[in-house]
Amino acid sequence: MQKRVIFRSRSLPYLLVLPQIAVTLVFFFWPSYQALESSFFIEDAFGFSREWVGLRNYRDLFADPGYLRSFRTTLVFGLSVTALALGTSLGLAVAANRVLRAAQSYRTLLIWPYAVAPALAGVIWYFLMNPSMGIVAYWLKGLGVEWNHYVNGNQALILVVVAAAWKQISYNFLFFLAGLQSIPKSLIEAAAIDRAGPIRRFWTITMPLLSPTTFFLLVVNLVYAFFDTFALIHATTNGGPADATSVLVFRVYNTGFIGQDYGSSAAQSVVLMALVIGMTFIQFRYVERKVTY
Amino acid sequence: MVENRPILNILTHAVLILGVLFLCFPVWMALVASTHGAEALSRAPIPLWFGGQGWDNYTQLLSAGLPAAGGVPIGMMMMNSLIMALVITFGKIAISIISAYAIVYFRFPFRMGFFWMIFLTLMLPVEVRILPTFDVVTRLGMLNTYAGLTIPLIASATATFLFRQFFLTIPDELVEAARIDRAGPVRFFIDILLPMSRTNIAALFIILFIYGWNQYLWPLLVTTEEGLYTVVMGIQRMVNSGEALPVWHFVMGTAILGMIPPVVVVVAMQKLFVKGLVESEK
């Protein structure tokens, strides 16, 4: 935790942490405190007056069917993105771990989407699935599926799920591959000598030894789906049609900037902060456990 | 590989090729679409191979932009993106490395307090405190400035942790040797610690550059002047430009232009990128 040999100086360490702490205080703690504070007030749209209302913003929030639906949408969205991104990337990583030839080329071809901004990924899939001329929508029509995410809420949700998962596969792939490569070859060989086939080996050796990586990725993917996909949704479906893709982070933005309901937006921020803190806590608890493992 | 199973080998390559196709196909289509005119993209099925208008489309995008979306040249947006990404990247690295240095190599009151304060910022992403942060930036008069675009994003718990972790692995003998040679803390930092951190800085640079370049929500909030638009955020104006239908060949051209710099960085510096990604998340 700390060096045995250190430097002595009265003011230098403070000077060194000052920039970071200043930015943190002004742009992290102050706004977060304000969110907490204004979640207990109702403010008129022009900011002239405000009134202490206690927990009313929260009560209104959880009594609002739209908000509860948004909770459900977020959950469905997050779980679908996570399942799709984790499943696909695990399959790819297992395959990439097996090949000897062209392994490097495959890796290069599989990791670059990490660099694509979620907003751009969303816009491209929006184009591919455009009901009137998108190529994927055209193929789906050939299969008998009438695709129109402008009116069909479920299809709009599928669209953003696919785009969000598409972008996340590279990230998961890299971590799964690193996890697979750290599994001792001797274990797999020993199992093979005992006549365990590839499928059996995968379920009894690879998966259990991969479980720390899988759990880590599970949390990271959920955090990604819950908080980093605002751009994707805002640039494409804009929460619609009829709020079908309005996830929680999108709603905070919408209530605050479009609806100008500051109290409610602040209360939503506080709920989200509690959610992030909970998830970060789970993640770090698990990391602690892995250290003593 | 443990044993030779031809069927499994074929299956392995089939899975990988399918994966590559799934990941590359959307960008392929975007690239193809950006070389056609509006006519070719007006009805299904759209062409799967390049058209002849690529040069015209890209020169118009880079120099003049789209009239319907404010007519900001994409070249200018990319310049803004580059400035924003570089300032965020260098700012994060600079303030993180010095604060990690203070926390590891000095003992002072509130040391752990500061450490936890930096740690807590991990839990407060911009997305969850949009409105109050916007409020603070407005009060400080930082709307529509490069400072407002970058400084609020410059604190970094991840980078601080990474440097702290790395400093802890550096043997104490180095500090002792430096002190015997009468080097002070500033000297030690500049002459010994900084050169030793080169690889870590490079790896972190890639991750943070992508982070900075891909920012969306923050530029959307703090810039209302078109001259400050960034490309990742600006594309949204072309997709949802009011009543008019999106001009897809231009939108796709913009998407391609907007992804080139970060993708090139990742592909060209793959080893460092993987190192940076795996280490900064631990």
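Looking up chain B in an unreviewed UniProt entry gives the name sn-glycerol-3-phosphate transport system permease protein UgpE, with the organism given as Antarcticimicrobium luteum. UniProt annotates chain B under Sequence similarities (unreviewed entry) with the comment "Belongs to the binding-protein-dependent transport system permease family."

An unreviewed UniProt entry lists chain A under the name sn-glycerol-3-phosphate transport system permease protein UgpA, from Antarcticimicrobium luteum. UniProt, in its Sequence similarities (unreviewed entry) section for chain A, records the words "Belongs to the binding-protein-dependent transport system permease family." According to UniProt, the comment filed for chain A under the heading Subunit (unreviewed entry) is "The complex is composed of two ATP-binding proteins (UgpC), two transmembrane proteins (UgpA and UgpE) and a solute-binding protein (UgpB)."

A.B. asks: What should I look at first to understand the pattern of salt bridges in this one?
C.D. replies: Note on pairing: side chains with opposite charge can pair once their charged atoms come close. Inspection of every chain in the model, using the stated rule, returns six salt bridges over all chains. Notably, a salt bridge pairs Arg139 of chain B with Asp135 of chain B, separated by 3.5 Å at the nearest N-O pair. Of the two residues, Arg139 of chain B and Asp135 of chain B both sit in helix 5 (residues 130-139), four residues apart, roughly one turn of that helix. For Asp135 of chain B, a relative accessible area of 34% gives the class partly exposed. Between Arg187 of chain B and Asp191 of chain B there is a salt bridge, with its nearest N and O atoms 2.8 Å apart. Of this pair, Arg187 of chain B and Asp191 of chain B both sit in helix 9 (residues 185-196), four residues apart, which is roughly one turn of that helix. Overall, the relative accessible area of 52% leaves Arg187 of chain B in the exposed class. Shared partners join several salt bridges into a network, and the residues in it are Asp64, Asp243 and Arg251 of chain A.

A.B. asks: Mind showing me how you'd approach the interface of chain A and chain B here?
C.D. replies: Note on interface size: it is often stated as the accessible area lost on association of the parts. In this complex, chain A contributes 99 residues to the contact, which on the side of chain B involves 118 residues. With both chains or domains summed, chain A and chain B bury close to 10300 Å², and 76% of this area falls on carbon and sulfur atoms. Of all residues in chain A, the largest losses of buried area upon contact with chain B belong to Lys3, Phe7 and Arg98 of chain A, amounting jointly to 9% of the total for that side. Where chain A packs against chain B, one counts zero salt bridges. For the pair chain A and chain B, the number of links is 14 residue pairs in polar contact (both at pLDDT 80 or more). Ranked by the residues each element gives to the side of chain A that touches chain B, the list is headed by helix 1 (residues 12-38) of chain A, at 20 residues. Of the residues belonging to the side of chain A that touches chain B, the class tally is 71 nonpolar, 19 polar and nine charged.

A.B. asks: Just to check I follow, could you spell out the UniProt feature "transmembrane region" (unreviewed entry) in chain B for this structure?
C.D. replies: All names here are of chain B. Within the UniProt annotation, "transmembrane region" (unreviewed entry) is assigned to residues 7-31, 82-106, 113-134, 146-167, 188-213 and 247-269. Here residues 82-106 runs as 96% helix and 0% strand, with 36 Å between its end C-alpha atoms. Helix and strand shares over residues 146-167 are 73% and 0% respectively, and the end C-alpha atoms of the span are 32 Å apart.

A.B. asks: What exactly am I supposed to notice about the domain arrangement of chain B here?
C.D. replies: All names here are of chain B. By the assigned domains, chain B splits into domain 1 (6-67) and domain 2 (74-280). Placing a centre on the C-alpha atoms of domain 1 and another on those of domain 2 gives a separation of 31 Å. Roughly 1300 Å² is buried in total at the junction of domain 1 and domain 2, and carbon and sulfur atoms are behind 83% of that figure. The largest per-residue losses of area from domain 1 upon contact with domain 2 belong to Leu61, Leu62 and Leu66, which jointly make up 42% of the total buried on that side. Summed over the shared surface of domain 1 and domain 2, the number is two residue pairs in polar contact (both at pLDDT 80 or more). Broken down by secondary-structure element, the contributors of at least two residues to the side of domain 1 that touches domain 2 are helix 1 (6-33) and helix 2 (54-63). In terms of residue count, helix 2 provides more of the side of domain 1 that touches domain 2 than any other element does, five residues in total. Classifying every residue of the side of domain 1 that touches domain 2 gives ten nonpolar, six polar and no charged.

A.B. asks: Help me understand the packing of aromatic side chains in this model?
C.D. replies: Two measures describe an aromatic ring pair: the distance that separates the ring centres and the angle between the ring planes. Tallied over the entire structure, the rule returns 43 aromatic pairs over all chains. With centroids separated by 5.2 Å and ring planes inclined at 45°, the aromatic side chains of Tyr114 of chain A and Phe273 of chain B adopt a geometry described as tilted. Of the two residues, Tyr114 of chain A sits in the loop between helix 4 (103-111) and helix 5 (118-128) while Phe273 of chain B sits in helix 14 (residues 270-280), which places them in two different chains. Here the aromatic rings of Phe202 of chain A and Trp203 of chain A are separated by 5.1 Å at their centres, their planes lie at 80°, and the arrangement is edge-to-face. With a relative accessible area of 18%, Phe202 of chain A lands in the buried category. On the basis of relative accessible area, Trp203 of chain A is assigned to the exposed category, the value being 56%. One aromatic cluster in this structure is built from Phe7 of chain A together with Tyr101, Tyr105, Phe106, Phe163, Phe166, Phe167, Phe188 and Phe189 of chain B. Looking at Lys167 of chain A, its charged tip hangs above the ring of Tyr114 of chain A, at a distance of 5.2 Å from the centre.

A.B. asks: Whenever I open this one, the layout of surface pockets confuses me. Can you help?
C.D. replies: Empty space among the atoms becomes apparent when a probe as large as a water molecule is rolled across them. One number sums up the size of the second largest pocket: a volume of about 710 Å³. Lining the second largest pocket are 26 residues, with Val94, Arg98, Pro198, Phe202 and Thr206 of chain A sitting closest to its centre. Looking at the lining of the second largest pocket, the elements that each hand over two or more residues are helix 3 (65-98), helix 8 (185-193) and helix 9 (198-227) of chain A together with helix 1 of chain B. Taken together, the residues of the lining of the second largest pocket sort by class into 16 nonpolar, five polar and five charged.

A.B. asks: Is there a simple way to think about the environment of Gly37 of chain B in this case?
C.D. replies: All names here are of chain B. The topology assignment puts Gly37 in the loop between helix 1 and helix 2. Accessibility expressed as a relative area gives 10% for Gly37, which makes it buried. Once the C-alpha coordinates of Gly37 and His249 are considered, the two residues, 212 residues apart in sequence, prove to be 6.4 Å apart. Discounting chain neighbours no more than four positions away, the residues touching Gly37 are Gln53 and His249.

What counts as what
Residues numbered from 1 in each chain as written. Chains lettered and ligands numbered in written order. Predicted model: local features only at pLDDT ≥ 70, side-chain atom pairs only at ≥ 80, totals over all residues. Heavy atoms only, no water. UniProt positions renumbered as here; feature names shortened; annotations may be inferred. Salt bridge = Lys/Arg side-chain N within 4 Å of Asp/Glu carboxyl O. Helix = DSSP H or I, 4+ residues; strand = E, 2+ residues; numbered from the N terminus. Buried < 20%, exposed > 50% of the residue type's maximum accessible area, 1.4 Å probe, protein only. Contact = heavy atoms within 4.5 Å. Buried area = accessible area lost by both parts, 1.4 Å probe. Polar contact = N/O pair within 3.5 Å; in protein donor to acceptor, adjacent residues only side chain to side chain. Nonpolar A, V, L, I, M, F, W, Y, C, P; charged D, E, K, R; others polar. Domains from an automatic or database assignment. Phe/Tyr/Trp six-rings, centres within 6.5 Å; stacked < 30°, edge-to-face > 60°. Lys NZ or Arg CZ within 6 Å of the ring centre and 35° of its normal. 1 Å grid on protein atoms, 1.4 Å probe; cavity = no way out; pocket = protein on both sides within 12 Å on 5 of 7 lines; lining within 4 Å. Points joined across faces, edges and corners; volume = space filled by probe spheres on them.

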